[in-house]
Amino acid sequence: MSKVLILSGAGISAESGISTFRDSDGLWENHRIEDVCTTGCLDTNEEGTKKFYDERREDIKDKKPNYAHQLIVELKQKYPKDIAVLTQNVDDLFEKAGMKSDEIIHLHGFLKELRCRDCDEIFDIGYKTQDSFSLVCPSCGSKLRPNIVFFGEAAPKYQILTQKLNECELIVIIGTSGNVLDVTYFAQLTDKSILNNLEKSLAIDDSYFTKVYYAKATDAIAEIAEYIEEFLEEL
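Residues numbered from 1 in each chain as written. Predicted model: local features only at pLDDT ≥ 70, side-chain atom pairs only at ≥ 80, totals over all residues. Heavy atoms only, no water.

(A) Expanded view of the overall build of the protein. Within the protein, the secondary structure is distributed over 10 helices and nine strands. The C-alpha extent of the protein, read off along each of the three principal axes, is 55 × 35 × 30 Å. Split into buried and exposed, the 235 residues of the protein put 49% on the buried side. At a minimum sequence separation of 6, the contacts of the protein that also span at least 24 residues come to 61%. Of the roughly 11600 Å² that the protein leaves accessible, carbon and sulfur atoms contribute 47%. Put simply, the protein has 27 plus and 42 minus side-chain charges, and the middle of one group is 4 Å from the middle of the other. (Helix = DSSP H or I, 4+ residues; strand = E, 2+ residues; numbered from the N terminus. Buried < 20%, exposed > 50% of the residue type's maximum accessible area, 1.4 Å probe, protein only. Contact = heavy atoms within 4.5 Å. Areas by Shrake-Rupley, 256 points an atom, 1.4 Å probe, with all protein chains shown as cover. Lys, Arg positive; Asp, Glu negative; His and termini not counted. Charge placed at Lys NZ, Arg CZ, Asp CG, Glu CD.)

(B) Representation of the state of the cysteines in the model. Applying the stated rule across the entire model yields zero disulfides. No disulfide involves Cys137; its sulfur sits 3.7 Å from the nearest other cysteine sulfur, which is in Cys116. (Disulfide = S-S within 2.5 Å.)

(C) Spatial organisation of the sheet that holds strand E5 (residues 122-124). The three strands are arranged E5-E4-E6 in an open sheet whose pairing can be described as antiparallel. Of all strands in the sheet, those bounded by a partner on one side alone are E5 and strand E6 (144-148). Within the sheet, the average angular offset between the axes of one strand and its neighbour, ignoring direction, is 40°. Strand contacts of helix H4 (residues 46-60): strand E4 (109-116) and E6, with the helix running at about 140° to E4, the strand carrying the most contacts. (Pairing = 2+ DSSP bridges. Axes fitted to C-alpha atoms, helices over the stretch in contact; angles between N-to-C directions.)

(D) How the structure looks around the packing of helix H5 (residues 67-78) against helix H10 (residues 217-234). Across the interface, H5 lies against H10 with an axial gap of 8 Å and an inter-helix angle of 15°. As summarised for this structure, H5 and H10 are arranged roughly parallel, according to the angle between their axes. For the crossing formed where H5 meets H10, the hand is left-handed. Residue-level inspection shows Tyr67, Ala68, Leu71, Ile72, Leu75 and Lys78 of H5 in contact with H10, the latter providing Ala217, Thr218, Ile221, Ala222, Ala225, Ile228 and Glu229. Its residues assigned to classes, the contact of H5 with H10 comprises 10 nonpolar, one polar and two charged. (Parallel < 35°, antiparallel > 145°, perpendicular 65-115°, else oblique. Left-handed = near helix turned anticlockwise from the far one by under 90°. Nonpolar A, V, L, I, M, F, W, Y, C, P; charged D, E, K, R; others polar.)

(E) Structural view of unusual backbone geometry. Positioned with a positive phi, Asp120 is a non-glycine residue whose angle comes to about 65°. Mapping Asp120 onto the fold places it in the loop between E4 and E5. Residue classification places Asp120 among the partly exposed residues on the basis of a relative accessible area of 46%.

(F) Broad picture of the packing of aromatic side chains. Summed over the entire model, instances satisfying the criterion amount to four aromatic pairs. Arranged with centres 5.7 Å apart and planes meeting at 45°, the rings of Phe123 and Phe133 form a pair that is tilted. With Phe123 in strand E5 and Phe133 in helix H7 (residues 130-133), the pair connects residues that are 10 residues apart, well separated along the chain. The exposure class of Phe123 is buried, given its relative accessible area of 11%. The exposure class of Phe133 is partly exposed, given its relative accessible area of 26%. (Phe/Tyr/Trp six-rings, centres within 6.5 Å; stacked < 30°, edge-to-face > 60°.)

(G) Main features of the sheet that holds strand E7 (residues 170-174). As summarised here, the arrangement of the six strands in space is E3-E2-E1-E7-E8-E9, forming an open sheet in which the pairing is parallel. Edge positions in the open sheet fall to strand E3 (104-106) and strand E9 (211-214), since each of these has one partner strand only. Put simply, the sheet's adjacent strands are angled 15° from each other on average, direction ignored.

(H) Focus on the side chain of His106. Within the secondary structure, His106 is located in strand E3. A polar atom in the side chain of His106 sits 2.8 Å from the side chain of Glu95. (Polar contact = N/O pair within 3.5 Å; in protein donor to acceptor, adjacent residues only side chain to side chain.)

(I) How the structure looks around the layout of surface pockets. Volume-wise, the second largest pocket comes out at about 230 Å³. As for the second largest pocket, its lining consists of 14 residues, of which Arg115, Asn147, Val149, Pro156 and Lys157 are closest to the centre. Contributing elements (two or more residues each) for the lining of the second largest pocket: E4 and E6. In terms of residue count, the dominant contributor to the lining of the second largest pocket is E6 (three residues). (1 Å grid on protein atoms, 1.4 Å probe; cavity = no way out; pocket = protein on both sides within 12 Å on 5 of 7 lines; lining within 4 Å. Points joined across faces, edges and corners; volume = space filled by probe spheres on them.)

(J) Broad picture of the nonpolar core. Val4, Ile72, Ile83, Val172 and Ile228 are the most contacted members of the largest nonpolar core, which has 28 residues in total. Listing elements by their share of this core, those giving two or more residues are strand E1 (4-8), H5, strand E2 (83-87), E7 and H10. By residue number, the principal contributor to this core is H10, which donates nine residues. Contacts of Ile83, omitting those with residues within four sequence positions, involve Ser2, Val4, Ile6, Leu75, Lys76, Ile228 and Leu232. Counting 17 residues, the second-largest nonpolar core is a separate cluster that includes Ile171, Leu181, Phe186 and Ile204. (Core = buried A, V, L, I, M, F, W, Y, C linked by side-chain atoms within 4.5 Å.)

See the structure below:
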């Protein structure tokens with residue numbers, strides 16, 4: 001049972017140079033959500049959607065994890081049973097920092113994977129373009145798609161999130177606007193909670209959090225890590 005849940009969002013990867021969708025210069029500025037990340041976009045804009053995620057895959061290829069990623073990986077490896085790491089991010093920066101695939105849950109999918117639209121088999125394609133891997137599913141011959149949860153689709157791994165929320169006694173929120181997941185509600189489910197964002201968000205009521213850090217994740221993570229370790233040692 002994981003006593004600590006660390007949930008990260010786009011803010012932690014922004015420091016490594018990965019664009020976020022909600023920044024003024026973010027990806028949504030040049031792409032409509034409806035065109036590339038909403039239920040049905042593969043039917044109405046298949047080539048454009050594939051191209052968009054091919055470009056995202058190429059974009060993360062040379063990006064490097066930052067100090068926040070590295071310290072979270074160290075914590076997970078030091079307390080493997082006591083800490084659960086879940087992320088809304090679809091990049092591979094935690095993996096590049098040394099986290100194994102079974103040590104992290106990508107709630108909204110993973111850029112380096114494709115999924116069959118019919119049989120749901122998942123394929124790790126690294127940083128390749130979708131079509132250079134295969135035009136159809138190698139197992140059943142059906143069409144492939146990015147293994148990303150589009151707006152309007154079910155997110156199966158939210159079941160794991162619910163489980164971890166029910167288990168944990170400390171939740172740590174890093175780099176999320178709160179527009180997709182109601183982290184204010186999450187904070188009310190736990191004994192202790194930490195919020196670390198670059199700035200305030202209208203979607204988050206920080207009064208429900210035990211500790212609040214408005215700073216870069218790389219600046220706040222050392223103090224957060226110290227708090228986590230002290231919390232676990234006291235149990």
